Amino acid sequence: MKVVVLAGGYSPERDVSLSSGCMISNALAEKGHAVVLVDAFLGIKEPAAGLVSLFKKNPDYVPCQYPIPTVPPDLEKMWAERKPDTGMFFGENVLEICRMADAVFLGLHGNAGENGQIQAAFDLLNIHYSGSSFPGCVLAMDKNLTKQILYANGLPTSPWVHIQDVHRPNFEKISKIGLPCVIKPVNGGSSIGVSIATTIDELKEGIQKAANCDKEIIIEKYLDGREFCVGILDQKALPVIEIIPKDGWFDYEKKYQPGLTAEICPADISEKLSDAMQQAAIKIHNVLKLGFYSRIDFKTDSSGDFYCLEANTLPGMTPNSLLPKEAAADHILYADLCNHIINHCN
């Protein structure tokens, strides 16, 4: 089939997305599809032979790769330099070429890619796309809403407070969480804008850092145990993977730079804990109305009880990403994983 891999976009996670997009494009070409990788924000110029000529199959397809820089991109500079400026999120010819495709593989991360906006637009334009639909994206992207839904359904989530006015945080309310705590933007991913506070000064700095990324934040109780993820593929939980940063915590750099984090899959945990985490992941996936695949993140506390950190509707597909490693542990090759996903579009 003709497939657009849509990546990049206008998000602090655009570099991660472009790395994912290259890997996905290469894999789909390997599986025999006619593929074009398109930056959702910068767009693509129409060649003399027309947009349809951009779709390439092997042996004409040229593999690509995109190393992830150690820091997020300067989005304001990128917007100022975009030529031509379409005046909207979508760049030149993006919607036109997506409508030509049989399906769009969403390799986007953050903001419009995961908050349901693109999914809603594609629904209206009758464009078939991978991943979760509009409702699931809305529920999973808003971390406060996610936690409310999990709490209401008896699913494990750590105590938190929601700060709607970052300029006037209610420190009496925050004190109920205590220190240390984790400060996060309500909408976002890849640990951008996230910090851990052990003092009041660090708390105030963390609130400002998160506020630079989003107008709303959450503050969670810090969990001092181990960190895990469970991928979901077609209602099946993949093997649990454990994340062990070589120092500090699992921040943006440790997520995407090789050699900074050990990832053990299957995780070295009891069968009882593994089964419980996998069953919880499936329940979380379903209560949030997620699609063909997702990734659910967990962390334990000092007593060994586990809690959901968040749900990811478009898990990373970079060379260092967790979902492909979990799939590999379940004997699913990367190219087959991408092929499964594109063959189960909305």
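Residues numbered from 1 in each chain as written. Predicted model: local features only at pLDDT ≥ 70, side-chain atom pairs only at ≥ 80, totals over all residues. Heavy atoms only, no water.

### So, the domain arrangement of the protein
Let me state the cut-off plainly: Delimitation of the domains relies on an automatic or database domain assignment. Note on contacts: a residue pair is in contact if any heavy atoms of the two residues lie within 4.5 Å. Here the quantity called buried area is the accessible surface, traced with a 1.4 Å probe, that two parts lose on coming together, added over both. One side-chain nitrogen of Lys or Arg within 4 Å of one carboxyl oxygen of Asp or Glu is enough to make a salt bridge. Polar contact is defined as a pair of N or O atoms within 3.5 Å, subject to the rule that within protein one atom must be able to donate a hydrogen and the other to accept it, and that residues adjacent in sequence are counted only when both atoms are side-chain atoms. Numbering of helices and strands runs from the N terminus; a helix is a DSSP stretch of H or I covering at least four residues, while a strand is a stretch of E covering at least two. Amino acids are sorted into nonpolar (Ala, Val, Leu, Ile, Met, Phe, Trp, Tyr, Cys and Pro), charged (Asp, Glu, Lys and Arg) and polar (every other residue, Gly among them).
Parsing the protein into structural domains produces domain 1 (2-131), domain 2 (161-221) and domain 3 (224-313). Summarising the inter-unit geometry, the C-alpha centres of domain 1 and domain 3 are found 27 Å apart. Residue-level contacts link 12 residues of domain 1 with eight residues of domain 3. If you sort the residues of domain 1 by the area they bury against domain 3, I68, T70 and G131 come out on top, with a joint share of 48%. At the boundary of domain 1 with domain 3, the tally comes to zero salt bridges. At the boundary of domain 1 with domain 3, the tally comes to one residue pair in polar contact (both at pLDDT 80 or more). Mapped onto the side of domain 1 that touches domain 3, the elements with two or more residues apiece are α1 (14-30) and β3 (103-106). A breakdown of the residues in the side of domain 1 that touches domain 3 according to their chemical character gives eight nonpolar, two polar and two charged.

### Comments concerning the nonpolar core
Inclusion rule: Definition of nonpolar core: a set of buried residues of the types Ala, Val, Leu, Ile, Met, Phe, Trp, Tyr and Cys, connected through side-chain atoms within 4.5 Å. Summary of the burial criterion: residues with accessible area below 20% of their type's maximum are buried, those above 50% are exposed, and those between are partly exposed, where the area comes from a 1.4 Å probe applied to protein chains only.
With 47 residues, the main nonpolar core has V4, L6, L28, F105, L106 and F122 as its most contacted residues. Of all elements in the fold, only β1 (2-7), α1, β2 (34-39), α3 (94-100), β3, α5 (117-125), α12 (322-329) and α13 (334-342) reach the threshold of two or more residues within this core. Sort the elements by how many residues they give to this core and α13 lands first, with five residues. Taken together, domain 1 (2-131) and domain 3 (224-313) each give at least three residues to this core, which thus spans both. Not counting residues within four places of it along the chain, the set of residues in contact with F122 comprises L6, F90, L95, C98, V104, L106, I127 and Y129. Membership of the second largest hydrophobic core comes to 25 residues, among which are I149, V240, L273 and F298.

### Thoughts on the side chain of S321
Looking at the element boundaries, S321 is found in the loop between β13 (306-312) and α12. For S321, a relative accessible area of 6% translates into the label buried. In terms of polar contacts, S321 uses its side chain to reach the backbone carbonyl oxygen of G316, at 3.3 Å.

### Points about the packing of α1 against α13
This is how the line gets drawn: Between N-to-C directions, angles span 0 to 180 degrees; the directions come from axes that are lines fitted to C-alpha atoms, helices contributing only their stretch in contact. Each angle receives one of four descriptions, namely roughly parallel if under 35 degrees, roughly antiparallel if over 145, roughly perpendicular if within 65 to 115, and oblique otherwise.
Orientation of α1 relative to α13, taken along the N-to-C sense of each, is 90 degrees, at an axis distance of 8 Å. In terms of orientation, α1 lies roughly perpendicular with respect to α13. Contacts from S20, M23, I24, A27, L28 and E30 in α1 reach Y334, A335, C338, N339 and I342 in α13. In terms of residue class, the contact of α1 with α13 is made up of eight nonpolar, two polar and one charged.

### What to know about the pairing of β3
Selection criterion: Any two strands with at least two DSSP bridges between them are considered paired.
Across the two faces of β3 the burial is the same, with A103 and F105 and V104 and L106 all buried. The pairing of β1 with β3 spans four bridges and is classified as parallel. Bridging across to β3, V3 finds its partner in A103.

### Structural notes on the environment of K236
Here K236 shows up in strand β9 (residues 236-237). Leave out the neighbours within four places in its chain, and K236 touches G231 and D330. In terms of polar contacts, K236 uses its side chain to reach the side chain of D330, at 2.9 Å.

### A word on the sheet that holds β3
Pairing is parallel across the open sheet formed by three strands, whose spatial order is β2-β1-β3. Across the chains shown, the open sheet's two edge strands, defined by having one partner strand only, are β2 and β3. Strand after strand, the sheet turns through a mean of 25 degrees between neighbouring axes, direction not considered.

### Considering the packing of aromatic side chains
Defined as follows: Pairing of aromatic rings covers Phe, Tyr and Trp, the last counted by its six-membered ring, and requires centre-to-centre distances within 6.5 Å; plane angles under 30 degrees mean stacked, over 60 mean edge-to-face, and any other angle means tilted.
Summed over the entire model, instances satisfying the criterion amount to eight aromatic pairs. For the pair Y10 and W79, a centre-to-centre distance of 5.0 Å together with 85 degrees between the ring planes defines the contact as edge-to-face. Residue Y10 is located in the loop between β1 and α1, and its partner W79 is located in helix α2 (residues 75-81); the two are separated by 69 residues in the primary sequence. Residue W79 is classed as partly exposed on the basis of its relative accessible area, which comes to 31%.

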